[in-house]
Amino acid sequence: MTTRSTISLRVNDVTHRLCLDHRRTLLDALREDLGHTGPKKGCDQGQCGACTVLLDGRRVVSCLTLAVAAEGAEITTVEGLAADGELRPIQEAFVRLDGFQCGYCTSGQLCSAVGMLAERAAGWPSAVTADVSPDGPVAELDAAEVRERMSGNLCRCGAYPSIVHAILETAARDGVTG
Amino acid sequence: MSMAVHVGAVGVARPRIEGRAKVTGAARYAADEPIPDLAYGALVLATVARGRVRDIDVASVRDMPGVLGVIDHTNAPRLNPEAGNFFGPDGGLRLLQDDLIPHAGRPIALVVAETPEQARAAAQALPVTYDEQPHDTRLFAGHPAGRPALTLFDAPADIGDVDAELAASAVVVDERYGTPEENCSAMEPHSATAWWEGDRLEAVDSNQGPFQIAFTLATLFHLPPERVRVRVDHIGGGFGGKTMCGPQLILAAMAATRFGRPVRVTLTRAEVFLATAQRPATDQRIRIGADADGRLRAIHHDATYEISPLAEYIEGCTELTKTLYAAPAIRTALTVVPLDILPPYSMRAPGAAPGSFALESAMDELAERVGLDPLELRLRNEPGVGPVSGLPFSSRNLVACLREGARRFGWASRDHRPRMRRAGPLLIGTGLAATSFSTGAFPSTATITAEPDGTFTVAIAAADLGTGARTALTAIAADALAVGTDRIRLRISDSAIGPAWGAGGSRGTASWAWAITEAAAKIRGPERPMTATVDTTQLLGDLASRERHAFSAVFAEVGVDPATGEVRVRRLLGMFAVGRVINPLMARSQVIGGMIGGLSMALHEEGVRDPVTGRHVNADFAGYHIAAHADVPDIEADFVPDDEPGVPWGIKGVGEIGNVGTAAAIANAVWHATGVRQRHLPIRLDRVLES
Ligand code: FES
Ligand code: FES
């Protein structure tokens, strides 16, 4: 029985050839094989969000994604958010408004925030969206929407209020891109 | 040095120095360090609560792919039984030394393999059989095994005649309050990588005090302290859970010794719950007697909590009871019950978090029975000196916190009768709590070196758990040296720097700042040395005897859904007196984080044990919920002017105080909303519905 395969992973615009254990999660492949230690392992079972990355622009928990299943996707980690060393507005807002303390949940919060802004702009409702009909208006992004949509990302330091401020401020200024 | 007037960095709101590294993923935590030729260890935990290991069938996994070997009690290096913690010898550290199982979740083997998957697969496949013995994991006051706690701090008090004063009181509250086992649950699971460099044991480990951890590790492995070095770059939160020399480090050091190569042991989330440390469950009784006008006559606070026979521990629940209110008679006692559980240890606001829930709930009950505004009840019983010690307070600004908090919260218009307000289907209520947390400093060593390029290297074995220690100490060093922060190069988180207190007990910043300030004074002194090292042990001994505490007042508004029993916090406000604030931006974040911890304690957190097996049944974030985004409203926190005379920079420490009081304020608000007291945490839906 083959337990390993050679695959290509495209991470932050760079393609890597890797021979991987089929059990290897995308999170472990990023961290252990590619040295992208920005994504963090908080639980390894999809319950904390620290490992959140973007897969073709959509947020996924990389600890519950097998690396071999991510072949062919555009993977963006926190290391790929700042283009050419320029912090994205959401990153800058996190620093300025103190949207973290220990920083361990931060890469997940940031990737999640970027993915979430795109989801909402695309008209995806959340559990607190008033009008969920297909032709309803795009939900107003208020604190309740942000909190609901970001609840998969735990922060034990309790940086939540600052994170919500940072996201709302960024969304108001820079729209969907974060 | 430039002659320009130095503009101070202390007191200025600045983003964290490491902010950019943390938002770009560049900041390295213990499990992120690239180390060549790494092997990986996976733990095997006992699944029974008490007994002996009959057999571990190592042969059946030895040939699994990648497995290098298994360490268990038959082949582990012998550890020094004298190794301990702050409270004395600690059997919790003596891993794999015998076949005894003191609690479910005790590590009984480490499987080491070439990859994490291989190690985990073999650990899961490893057959273990046990000889089980009956266990006892149920805490209650009056348990026959109960005995007095150590008296290292929060020693029993007994002033005045409590029984006579209670008998003479117009109103008496006599109630029991309970809090469950809770887990620190830092988002970063504990991780250690250990290896030998010649005859020196090196380790990268996520912990709250590298010097103390290295010292303990050296003791355990019979090594002179200078042959053990423990360091780390960033730490993903601690909250008390990384205070001790953790199983990840002890087992990684064992494996590095046995296999002669670097070994990394990173705990799974379940292992963090089952094998690191927890806040003990408490069962507390409070009796308060007062005159009809609310003046206190007596406070009696008996707190019972659980420990493990492996180690002593003090959950100082009654510290506030000796601090907050004047009364002619005060009696406190701490009783420990040794049970077959994971040894408890400090979790954020140790003692004060469960203790204040009991005391401040009881005060609210007293206000109700006397028919007095709970705010006025506190103001009426403000003491002039330490109620038990008779010592003056170094500074005490609780009244300022209460008054300013009440003003901002809009307390004056509160109708104190319960169950009077609705918002749609919800019952609305508000509550408050007053708090204190003791402050102080511990001996530490700092070294400052004036570099040829005009910068200063400031070295202290501090740890930045996310508290902002890097940023705060840089500001302090800059001001102490009267230079800009850009000329400070701070080195922390390395045991090789020298002895220093860890990040804990709300004493980190004060302890470290003191040493840095003294070293800076030497550098700027008449001899102008290029390098200066200071140990503050002597200076601390000279500090005047005072009651030293941070204070705060917390106000909460909740909405309770009578149909579902769900409690949601709608508003939360804290006013804090924490000495001089070094960096208002970070300090505010820290106390808000503490208040969220208190909210989480009030409504969500509960380590649930199956009484039949003695095991925790919710050792993950699905079963053990910690407050998430949707649970947390916008929170207001601010500081009243305060100072701490005798301590450099007037620092008191902000680490724990944020956690204190929030649970009581929320519970009191739930009473105000529903008319029913919640004396057991967390305030679960079923508890609200049943009442
Ligand atoms: S590590 Fe993936 S969700 Fe926690
Ligand atoms: S910043 Fe520490 S867990 Fe979020």
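Residues numbered from 1 in each chain as written. Chains lettered and ligands numbered in written order. Predicted model: local features only at pLDDT ≥ 70, side-chain atom pairs only at ≥ 80, totals over all residues. Heavy atoms only, no water.

Participant: Help me understand the overall build of chain A, please; the structure alone is not making it clear to me.
Facilitator: Tallying secondary structure elements over chain A gives five helices and five strands in all. N-terminal to C-terminal, the α/β element order of chain A is β-β-α-β-β-β-α-α-α-α. For 178 residues, the compact-globule estimate of 2.2 N^0.38 gives 16 Å, and chain A sits close to it at 17 Å. The buried share among the 178 residues of chain A stands at 54%. In chain A, 57% of the contacts between residues at least 6 apart in sequence involve partners at least 24 apart. Put simply, chain A shows about 7,100 Å² of open surface, and 52% of that area lies on carbon and sulfur atoms. Measuring between centres, the 17 positive side-chain charges of chain A sit 6 Å from its 23 negative side-chain charges. (Helix = DSSP H or I, 4+ residues; strand = E, 2+ residues; numbered from the N terminus. Rg over C-alpha atoms; globule rule 2.2 N^0.38 Å. Buried < 20%, exposed > 50% of the residue type's maximum accessible area, 1.4 Å probe, protein only. Contact = heavy atoms within 4.5 Å. Areas by Shrake-Rupley, 256 points an atom, 1.4 Å probe, with all protein chains shown as cover. Lys, Arg positive; Asp, Glu negative; His and termini not counted. Charge placed at Lys NZ, Arg CZ, Asp CG, Glu CD.)

Participant: How should helix H5 (residues 160-174) of chain A be read in this particular structure?
Facilitator: Residues lying three or four places apart along an α-helix face the same way, a consequence of the helix completing one turn every 3.6 residues. Between the first and last C-alpha of H5 of chain A there are 21 Å, a value that for 15 residues agrees with the 21 Å anticipated at 1.5 Å per step. Where the residues of H5 of chain A are buried, they touch helix H2 (89-97), helix H3 (106-121) and helix H4 (143-149) of chain A together with helix H14 (584-603) and strand E27 (635-639) of chain B. (Expected span 1.5 Å × (residues − 1).)

Participant: What exactly am I supposed to notice about the interface of chain A and chain B here?
Facilitator: The partner chain B presents 53 residues to the 49 residues of chain A that form the contact. Counting each side, the surface lost to burial between chain A and chain B is near 4,100 Å², with a carbon and sulfur contribution of 56%. It is Gln101, Arg156 and Tyr160 of chain A in chain A that bury the most area against chain B; as a group they hold 20% of the surface buried on that side. Put simply, chain A and chain B have five salt bridges between them. (Buried area = accessible area lost by both parts, 1.4 Å probe. Salt bridge = Lys/Arg side-chain N within 4 Å of Asp/Glu carboxyl O.)

Participant: Is there a simple way to think about the domain arrangement of chain A in this case?
Facilitator: Where the parts come together, the accessible area they lose is often given as the size of the interface. All names here are of chain A. Each assigned domain of chain A is listed with its residue range as follows: domain 1 (4-80) and domain 2 (89-173). Domain 1 and domain 2 are separated by 22 Å when their C-alpha centres are compared. At the interface, 18 residues of domain 1 touch 17 residues of domain 2. Applying the counting rule to domain 1 against domain 2 returns one salt bridge. (Domains from an automatic or database assignment.)

Participant: Which parts of the structure should I look at to understand helix H10 (residues 398-409) of chain B?
Facilitator: Residue and element names in this part refer to chain B. In this model, H10 (twelve residues) spans 16 Å end to end at C-alpha, consistent with the 16 Å of a helix rising 1.5 Å per residue. Where the residues of H10 are buried, they touch helix H9 (374-380), strand E20 (426-438), strand E25 (549-560) and strand E26 (567-577). Of the residues flanking the end of H10, it is glycine 410, one or two places downstream, whose phi is positive at about 80°.

Participant: Just to check I follow, could you spell out the pairing of strand E23 (residues 488-491) of chain B for this structure?
Facilitator: Residues and elements named next belong to chain B. Bridge count for strand E22 (residues 456-460) against E23 is four bridges, and the pairing is parallel. In the strand pairing of E23, alanine 459 is matched with arginine 491. You can see the chain leave E22, run along helix H11 (residues 469-481) and come back into E23, and the turn it takes is right-handed. (Pairing = 2+ DSSP bridges. Right-handed = clockwise from strand over helix to strand, strands pointing away.)

Participant: Got a minute to help me understand the sheet that holds strand E5 (residues 74-76) of chain A in this structure?
Facilitator: Sheet strands line up and pair through hydrogen bonds in the backbone, either parallel or antiparallel. All names here are of chain A. Pairing is mixed in the open sheet, where five strands are placed in the order E2-E1-E5-E3-E4. On the outer flanks of this sheet lie strand E2 (14-21) and strand E4 (58-61), each paired with one strand and no other. Recorded for the sheet is a direction-independent mean angle of 40° between the axes of neighbouring strands. Of the pairings in the sheet, the one linking strand E1 (residues 4-11) to E2 comprises eight bridges and is antiparallel in character. If you follow arginine 10 over to E2, its bridge partner there is threonine 15. Of the strands in this sheet, strand E3 (52-55), E4 and E5 are in contact with H3, which crosses E3 at around 40°. (Axes fitted to C-alpha atoms, helices over the stretch in contact; angles between N-to-C directions.)

Participant: Hey, could you run me through the packing of helix H5 (residues 210-220) of chain B against helix H6 (residues 247-259) of chain B in this one?
Facilitator: Helix-helix packing is described using two parameters, namely the angle between the two axes and the distance between the axes. All names here are of chain B. Direction vectors running N to C along H5 and H6 enclose 45°, while the axes themselves pass 11 Å from each other. Classified by the angle their axes make, H5 and H6 are oblique. Helix-helix and strand crossings are classified by hand; for H5 and H6 the assignment is right-handed. Contacts between H5 and H6 involve Ile213, Leu217 and Leu220 from the former and Leu249, Ile250 and Ala253 from the latter. Its residues assigned to classes, the contact of H5 with H6 comprises six nonpolar, no polar and no charged. (Parallel < 35°, antiparallel > 145°, perpendicular 65-115°, else oblique. Left-handed = near helix turned anticlockwise from the far one by under 90°. Nonpolar A, V, L, I, M, F, W, Y, C, P; charged D, E, K, R; others polar.)

Participant: Teacher, can you tell me more about the nonpolar core here?
Facilitator: Side chains of nonpolar character tend, in soluble globular proteins, to be buried together. Membership of the largest hydrophobic core comes to 133 residues, with the highest contact counts inside it found for Phe94 and Ile167 of chain A together with Ile288, Leu296, Leu366, Val558 and Ile666 of chain B. Among the elements that make up this core, the one with the highest residue count is helix H8 (residues 352-370) of chain B (ten residues). Filtering out sequence-adjacent residues up to four positions away, leucine 296 of chain B remains in contact with Ile288, Gly289, Ala290, Tyr325, Ala326, Ala327, Pro328, Met363, Leu366 and Asn381 of chain B. Listed in part, the 53 residues of the second largest apolar core include Ala30, Leu473, Ala520 and Met586 of chain B. (Core = buried A, V, L, I, M, F, W, Y, C linked by side-chain atoms within 4.5 Å.)

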